Amino acid sequence: MVGALLTVGLMACGGAPAEGAELSTDASPLASGTAEAVDIRVRLESIPGLTILSDTEENGFRFFILDYEQPVDHRHPAGARFQQRLSLMHRSTSAPMVLDTEGAELFAEPVPSEPADLLQGNQLAVEHRFFGTSRPESLDWSKLTVWQAAADAHRVAEAFKPLYRGRWLSTGVFKGGTAALTHRFFFPGDVVATVPYSAHHARGLTDERHARFLRTQAGDAACREKLEAVQRAALTRREALRPFVEALAEQGFTFDVLGADRALEFAVVELPFGFWEFYGFYWSCDDIPAPDVSDAELFGFISFVAAPEFVHSDQALEASAPLYYQRATQLGGPGYPQAHLWPLLRYPGQDVATRYPPYGVPKHYEPWTLVV
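Residues numbered from 1 in each chain as written. Predicted model: local features only at pLDDT ≥ 70, side-chain atom pairs only at ≥ 80, totals over all residues. Heavy atoms only, no water.

What follows is about the nonpolar core. Within the largest apolar cluster, 35 residues are counted, with the highest numbers of intra-cluster contacts made by Phe275, Trp276, Leu298, Phe301 and Ile302. Contributions of two or more residues to this core are made by helix H6 (221-236), helix H7 (238-246), helix H8 (260-269), helix H9 (271-277) and helix H10 (295-306). (Core = buried A, V, L, I, M, F, W, Y, C linked by side-chain atoms within 4.5 Å. Buried < 20%, exposed > 50% of the residue type's maximum accessible area, 1.4 Å probe, protein only. Helix = DSSP H or I, 4+ residues; strand = E, 2+ residues; numbered from the N terminus.)

Now for the pairing of strand E2 (residues 50-57). In this sheet, strand E3 (residues 62-71) lies alongside E2 in antiparallel orientation, the contact comprising 7 bridges. Pairing of Glu57 across the sheet is with Arg62, part of E3. Taking the residues that link successive antiparallel strands as the turn, the E2-E3 hairpin has 4 residues, and the phi of Gly60 there is positive, at about 95°. (Pairing = 2+ DSSP bridges.)

Turning to the pattern of salt bridges, a few remarks are in order. Going through the model one piece at a time under the given rule, you end up with 20 salt bridges. The partner of Glu57 in a salt bridge is Arg62, and the shortest N-O contact between them spans 3.8 Å. Judged by relative accessible area, which is 60%, Glu57 ranks as exposed. Note on Arg62: relative accessible area 14%, which makes it buried. In this structure, Glu239 and Arg346 form a salt bridge, with 2.9 Å as the shortest nitrogen-oxygen distance. With Glu239 in helix H7 and Arg346 in the segment after helix H13 (321-331), this pair connects stretches of sequence that are 107 residues apart. Its relative accessible area of 44% is what places Glu239 among the partly exposed residues. Linked through salt bridges whose partners overlap, the residues forming this network are Arg238, Glu239, Arg242, Glu246, Asp261, Glu265 and Arg346. (Salt bridge = Lys/Arg side-chain N within 4 Å of Asp/Glu carboxyl O.)

The next point concerns the packing of aromatic side chains. In total, this model carries 16 aromatic pairs according to the counting rule given. With centroids separated by 6.5 Å and ring planes inclined at 50°, the aromatic side chains of Phe266 and Tyr356 adopt a geometry described as tilted. A residue pair is termed long-range when its members are at least 10 positions apart, and Phe266 in helix H8 and Tyr356 in the segment after H13 qualify at 90 residues. The buried category is assigned to Phe266, whose relative accessible area is 2%. Judged by relative accessible area, which is 3%, Tyr356 ranks as buried. Ring centres 5.0 Å apart and planes at 75° place the aromatic pair Trp283 and Phe304 in the edge-to-face group. On the criterion of sequence distance, the pair formed by Trp283 in the loop between H9 and H10 and Phe304 in helix H10 is long-range, its members being 21 residues apart. One aromatic cluster in this structure is built from Phe275, Trp276, Phe278, Tyr279, Tyr282, Trp283, Phe301 and Phe304. (Phe/Tyr/Trp six-rings, centres within 6.5 Å; stacked < 30°, edge-to-face > 60°.)

Shown next, in the form of structure tokens:
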């Protein structure tokens, strides 16, 4: 269906304005030559289904938090609706518009993307359906698909284009980058360029490419060996480390779903992925402890990098249910190198999205969604 989905990549082009960017022939003041003189709030209030939640003056732009009414199912738009959270950084209706497709919850603070900053353009950020406040009252998980999310972005673009006549481009980070690419794939006329800052791209529920890279190519051999030694030490000493997981209840984190032991093992298995993902930002190879450090120091490093409280606790699993559903049905997920840990594992093969929330919901993986 979407065989060449992620071949779009970085696409910048010139020529005529994007489809739908022509001047309106509507005779209303908001579509006339005097529209620029009308306050942007008044113009936003003219968009059907849009609610302004806040309006503040920031450094060089107006910042709006908005709700926009969307169909739960774009194939049946007369059915149930939900409010999708948006944010708008407004500079000028003639400046370029950056459509920032979020992969999850929207930041409430004004955070300009690099394209919006470089272009001194406007930015319209779209919270991903089923995340944050953008959740239908009745959660029909079958409507959480890449196409439905792309249709959300398309409908937002259609609503705002009569106000913003400059060129439109899209961007996103990680899963938001995937959302930008899928939106561009299904609705190529909405933007003239797409700038994804990385994207979630997995072949399968546990993509072996990730495991192979982490096992043989990430960093240098000495650093990888230090990480593996920490992993083996942690699983060998799991009885001593498990109380540290259980003690996180004092901070409001519980582990009833996975259990403290399973949560600890999953965090240890995922340790290299988290380490290399943010290597150079928060830590380096020099921060990897020796395998014989104290239990507190060993768990401190695991918690710092793999953060079981923010990934594997009951609270984290519930908050991330939409992500796990998308991984289990369309997006897939990373594989983790485990052969070096095999004798120490108690739950091999269980760290997979299909075993995570939402429970009691059919999950059928579609391997063709992100095939390239």
